[in-house]
Amino acid sequence: MQDPVTFLDLKAQQRRIEPALRARLEAVLAHCQFVLGPEVTELEQRLAAYAGAAHCVGVSSGTDALQIAMMAEGIGRGHAVFLPAFTYTATAEVPLVLGATPVFVDVDPRTFQIDVADLRRRIASVRAEGVLRPRAVIGVDLFGQPAPWQELRAVAEEHGLFLLDDCAQSFGASLAGRKLGREADATAISFFPSKPLGGYGDGGALLTDSAERAALYRSLRTHGEGTTRYEVLRTGMNGRLDTLQAAVLLAKLDVFEEELAARERIARIYDAALGHRVTTPARVPDSASAWAVYAILLADTAARDAIQASLRADGIPSAIYYPRPLHHQPAYAPHHRGSALPVSEDLATRILALPIHPDLTADQAAHVADAVLCGQPDRVRPVLPV
Ligand SMILES: *Cc1c(COP(=O)(O)O)cnc(C)c1O
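Notes on the structure follow. Along each chain, residue indices are assigned from 1 in the same order as the chain's sequence is written. At least 70 in pLDDT is required for a residue's local features to be given in this predicted model, at least 80 for side-chain atom pairs to be given and counted, and no such filter applies to totals for whole chains, interfaces and linings, which use all residues. Computation of side-chain values: all heavy atoms of the structure, hydrogens and water removed.

### Section: empty space enclosed by the protein
Link 1 in the chain: We place a 1 Å grid over just the protein atoms. Points where a 1.4 Å probe fits but has no way out form a cavity, open points with protein on both sides within 12 Å along at least 5 of 7 lines form a pocket, and any residue with an atom within 4 Å of a point lines it. Grid points are joined across faces, edges and corners, and a volume is the space filled by probe spheres set on the points. In total, this model carries two cavities of 30 Å³ or more according to the counting rule given.
Link 2 in the chain: If you add up the space inside the largest cavity, you get close to 90 Å³.
Link 3 in the chain: Lining of the largest cavity is provided by 17 residues; of these, Leu-8, Leu-10, Gln-13, Arg-263 and Pro-358 occupy positions nearest its centre.
Link 4 in the chain: Of all the elements in the fold, those that place two or more residues in the lining of the largest cavity are helix 1 (10-31) and helix 9 (256-274). Helix and strand labels come from DSSP, where a helix needs a run of H or I of at least four residues and a strand needs a run of E of at least two; each type is numbered from the N terminus.

Below, the structure is given as structure tokens:
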């Protein structure tokens, strides 16, 4: 009898790292510097070194990382911010909170990453309309894989746009042999518990090679403070990373590479078992994924429903990221001018995410794959090579 398959197993991870975790937490309890304590600085240094970025600034969440990065550029009213329609809500929420307008871009049907040709078309149409000024592009590294950064940099440069990497799901991934964190002007990461490097609550960070930007981020996360706490230079926010979260993350960072390797092993088991029957994730060329999400594509919604039901019957959780593209969300639809984003709309109807986490065993992954195949409409149980 196998252990039940979970979508995420934070308890198993906790058992694996417990001594280090407790030592880190005890240290914070001993010094009581709960806000911007030494663990925050240590984590910032370790993350910057890990990603090869010059600066890292710990903040209160991935969403706040995006917001602080955009506040630092003065992005707001009258500005168009281009971002993929197939992503988590936070990517679109931030420009709107700042008074800017999100312009939704379609994604690639195979890698699910932003479609650069569609981005170019949408920039051209915003320019032609002459109402909004194109200011920024948010490239999202979706599901653990990198966005097409080389092409995005070319577009940003050509049009003089601020380029922001929403790397909330994909810290730890690499492109052309280097870790994500320096592909854009700034990179936002999230430590939400379910992300590949997750804390025990909310947290995030910004990475940048620009000393000026890093200084602005530090000021903005503490109410726009200047050189003393009681000098306010700009309108900021309370957006700091907690010391306790940094302590948890330092313990997790020690095993992060092993965990990424474990996720990769699970992905390969799924690829091998499922590739001949369902559409498994296409890899972004010359990259390594952080495997935040392993999403398969089924023929249609009925096939997805059948497989989800079959998984459920076997006690296996699955999830739909994302059931609605952002331009169809009630909150964002009024900001979208009605043009179709056919790939994002189609993916929402037939995508399905399978469990993937470092504590999933090879046997469990094989069991999940088997249940997926049993849920196929033709119900043929394949003979898997032993
Ligand atoms: C999780 C996520 C965020 C937000 O991160 P939080 O830490 O939850 O605020 C932003 N963008 C994407 C693509 C995400 O997946």
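More follows now that the structure is in view.
### Brief notes about helix 12 (residues 362-374)
Link 1 in the chain: End to end, helix 12 covers 18 Å across 13 residues, agreeing with the expected 18 Å (1.5 Å per residue, within 8%).
Link 2 in the chain: We call a residue buried when its accessible area falls under 20% of the maximum for its residue type, exposed when it is over 50%, and partly exposed in between, using a 1.4 Å probe and counting protein chains only. Within helix 12, burial applies to Gln-364, Ala-365, Val-368, Ala-369, Asp-370, Ala-371, Val-372, Leu-373 and Cys-374.
Link 3 in the chain: The criterion used for residue contact is that any of the two residues' heavy atoms lie within 4.5 Å. Among the structural elements, helix 9, strand 11 (294-297), helix 10 (301-313) and strand 12 (351-354) are those in contact with the buried residues of helix 12. The length a helix should cover is 1.5 Å for every residue beyond the first.

### Observations regarding the packing of aromatic side chains
Link 1 in the chain: Think of it this way: a Phe, Tyr or Trp ring, Trp meaning its six-membered ring, pairs with another when their centres are within 6.5 Å, and the plane angle makes it stacked under 30 degrees, edge-to-face over 60, tilted otherwise. What the rule picks out here adds up to 12 aromatic pairs.
Link 2 in the chain: With a centroid separation of 6.4 Å and 75° between ring planes, the pair formed by Phe-86 and Phe-143 is classed as edge-to-face. Of this pair, Phe-86 sits in the loop between strand 2 (79-84) and helix 4 (90-97) while Phe-143 sits in the loop between strand 4 (133-140) and helix 6 (149-159); the two residues are 57 residues apart in sequence, bridging distant segments of the chain.
Link 3 in the chain: A residue is classified by how much of its surface remains accessible, and Phe-86, at 1% relative accessible area, is buried.
Link 4 in the chain: Here the aromatic rings of Phe-112 and Phe-143 are separated by 5.9 Å at their centres, their planes lie at 75°, and the arrangement is edge-to-face. Of the two residues, Phe-112 sits in the loop between strand 3 (101-105) and helix 5 (116-129) while Phe-143 sits in the loop between strand 4 and helix 6, which places them 31 residues apart along the sequence. Of the two residues examined, Phe-112 and Phe-143, each falls in the buried class.
Link 5 in the chain: Chaining the aromatic ring pairs together yields one cluster made of Phe-7, Phe-86, Phe-112, Phe-143, Tyr-321 and Tyr-322.

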